Amino acid sequence: MGLPWWLLLVYLRHSVKVGPSAFNYNETTHWKDHFPMCGGPMQSPVSLTATRLALSRTPTLKFADGLEDGEVEFVNTGREIKLKLMPKNRKLPLLHLISYSKPTLGIYTFAQMHFHWGATPEEHGSEHSIGDKYTDAEAHFVFFNTRYGSFKDAVRHFDGLLVLGVMLEGSENKNQFFFPTLGMEKGVQHLAVPGGKFREKLDLSPVQDLLKRAVRRFYSYHGSLTTPPCNPVVSWMVSANPMAISGDFLRALRGRVFEDDDGNQLLVNNRRPVQPDTRSCHHAAHQHRRVVSVLAGLRAAQRRGDRSPRLGEMAESAGRAERALRSPPAPVLSCRRAGSAVTARLKSKRQTYRAGMIRLQSC
Ligand SMILES: [Zn+2]
């Protein structure tokens with residue numbers, strides 16, 4: 001845990017940008033050398049276990065009109081295949097997701113979706129695992145919190161993003177619901193190299209069916225982007241039931257798109273390994289001690305007469321958090337299952353800032 005929590009706050013609000021950045025899936029352990037938040041708390045993906053992560057209430061999905069007359073744009077970004085999904089009235093986003101329970105509480109606007117996958121049928125491609133079980137691929141539907149107006153602004157806030165993950169398992173059995181191919185087979189040759197893109201007009205109703213199935217039962221936890229700069233601003237929902245994806249679709253991902261302009265390096269294994277679980281009580285206790293010591297440092301700086309407005313503001317907020325942490329019942333230390341226990345505490349929060357601080361440390 002190399003990154004102090006207060007530095008994280010400063011990063012999120014003042015200096016973090018998400019955009020094209022140099023990083024390599026062969027060196028995920030070195031991401032933190034250039035992107036400090038990748039070495040910080042609350043990193044994703046994680047191994048999902050029912051004992052640690054609460055299943056939340058089913059959210060409401062509100063789809064735009066004109067789905068039957070939609071359009072999809074595929075792009076090879078060099079890291080993934082990204083899709084923008086647009087209904088007939090293209091001024092509107094495809095959908096809004098409204099969630100009523102933490103840690104996914106809020107109204108979110110759909111931005112884009114993309115895939116993570118492996119190199120061969122023998123290698124897994126999902127980023128999350130359910131228990132020890134991985135799948136062939138994982139789709140991420142990325143939403144931003146509507147209150148922040150745009151994806152770009154949302155990534156600076158702790159509750160900025162929601163990502164719905166769907167685990168995908170290759171299958172040749174036609175008698176089941178398949179993840180829709182969305183016309184990828186028609187233009188995959190245009191996606192061979194980074195920057196390659198194509199558009200396809202098609203009915204987006206199958207996406208509606210897919211998402212309704214995906215949100216029936218899901219794991220939720222607070223985590224991060226799984227690519228640098230790894231902002232810990234993501235409310236994750238991961239569908240508890242893996243979905244089937246056609247063998248042809250998987251073979252196209254594994255064998256027909258490249259990560260370099262010369263077409264030498266297949267774009268495969270674009271997944272970050274699961275990250276250490278920072279939600280254990282042991283960790284929470286460690287962080288608790290850390291909070292107290294940092295708070296003491298901040299207050300000392302204030303006593304010295306440091307008049308930096310940021311420092312003063314942080315010290316004041318931190319003092320409140322410290323009092324909250326010290327007052328019984330101790331919110332973090334008493335947990336048996338940190339994820340759900342802390343979520344329960346958040347529901348009875350007395351101060352917004354206090355809740356944010358505790359979540360930042362442990363949930
Ligand atoms: Zn992703």
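Thresholds, definitions, all that
Residues numbered from 1 in each chain as written. Predicted model: local features only at pLDDT ≥ 70, side-chain atom pairs only at ≥ 80, totals over all residues. Helix = DSSP H or I, 4+ residues; strand = E, 2+ residues; numbered from the N terminus. Buried ≥ 20, exposed ≤ 12 C-beta atoms within 10 Å, placed from the backbone. Contact = placed C-beta atoms within 7 Å. Pairing = 2+ DSSP bridges. pLDDT = per-residue confidence, 0-100. Core = buried A, V, L, I, M, F, W, Y, C linked by C-beta atoms within 7 Å.

Here's the deal with the overall build of the protein chain
- When helices and strands are counted, the protein chain shows 10 helices and 13 strands.
- Here the protein chain holds 363 residues, and 42% of them are scored as buried.
- Contacts spanning at least 24 positions in sequence make up 72% of the contacts within the protein chain whose residues lie at least 6 apart.

Regarding the pairing of strand β9 (residues 161-171)
- Counting buried residues along β9, 8 of its 11 residues qualify, which places the element largely inside the surrounding structure.
- Of the strand pairs in this sheet, strand β8 (residues 137-145) and β9 are connected by 8 bridges, and their pairing is antiparallel. In the sheet register, Phe141 faces β9, and the bridge partner there is Leu164.

Looking at the confidence of the model for the protein chain
- Averaged over all residues, the pLDDT of the protein chain is 78; the fraction at 70 or higher stands at 70%.
- The weakest mean pLDDT in the protein chain belongs to helix α10 (residues 352-362) at 31; the strongest belongs to β8 at 97.
- Every residue in residues 280-288 scores below 50 in pLDDT, and together they form 17 contacts with partners more than four places removed in sequence or on other chains.
- Below a pLDDT of 50 lies the segment residues 327-363, which in the model reaches 75 contacts outside its immediate sequence neighbourhood of four places, other chains included.

Considerations on the environment of Phe143
- Assignment of secondary structure puts Phe143 in strand β8.
- Of the residues examined, Phe143 has 29 C-beta atoms within 10 Å and is grouped as buried.
- Taking the C-alpha atoms as reference points, Phe143 and Ile107, separated by 36 residues in sequence, lie 9.3 Å from one another.

Re the pairing of strand β12 (residues 234-239)
- Of all 6 residues that make up β12, 6 are buried, and the element is covered over most of its length.
- Neither face of β12 is left uncovered, since the one carrying Val234, Trp236 and Val238 and the one carrying Ser235, Met237 and Ser239 both have all their residues buried.
- Pairing of β9 with β12 involves 5 bridges; the strand directions are parallel. Pairing of Leu164 across the sheet is with Met237, part of β12.
- Relative to β12, strand β11 (residues 218-223) is paired through 6 bridges, and the arrangement is antiparallel. Of the residues in β12, the one forming a bridge with Tyr219 is Val238.

Overview of the nonpolar core
- The biggest cluster of nonpolar side chains holds 62 residues, and the ones touching the most others in it are Phe143, Leu161, Leu162 and Leu253.
- In contact with Leu162, not counting residues within four places along its chain, are Leu97, Thr104, Tyr108, Phe143, Ser235 and Met237.

A closer look at unusual backbone geometry
- Geometrically, the link from Ser44 to Pro45 is a cis peptide bond, its omega value of 5 degrees lying close to zero.
- Topologically, Pro45 is positioned in the loop between α2 (31-34) and β1 (47-48).
- Looking along the chain, the bond that leaves Pro228 and enters Pro229 is cis, with omega of 10 degrees.
- Here Pro229 shows up in the loop between β11 and β12.
- In this structure, Cys230 is a non-glycine residue whose phi angle is positive, near 60 degrees.
- Here Cys230 is to be found in the loop between β11 and β12.

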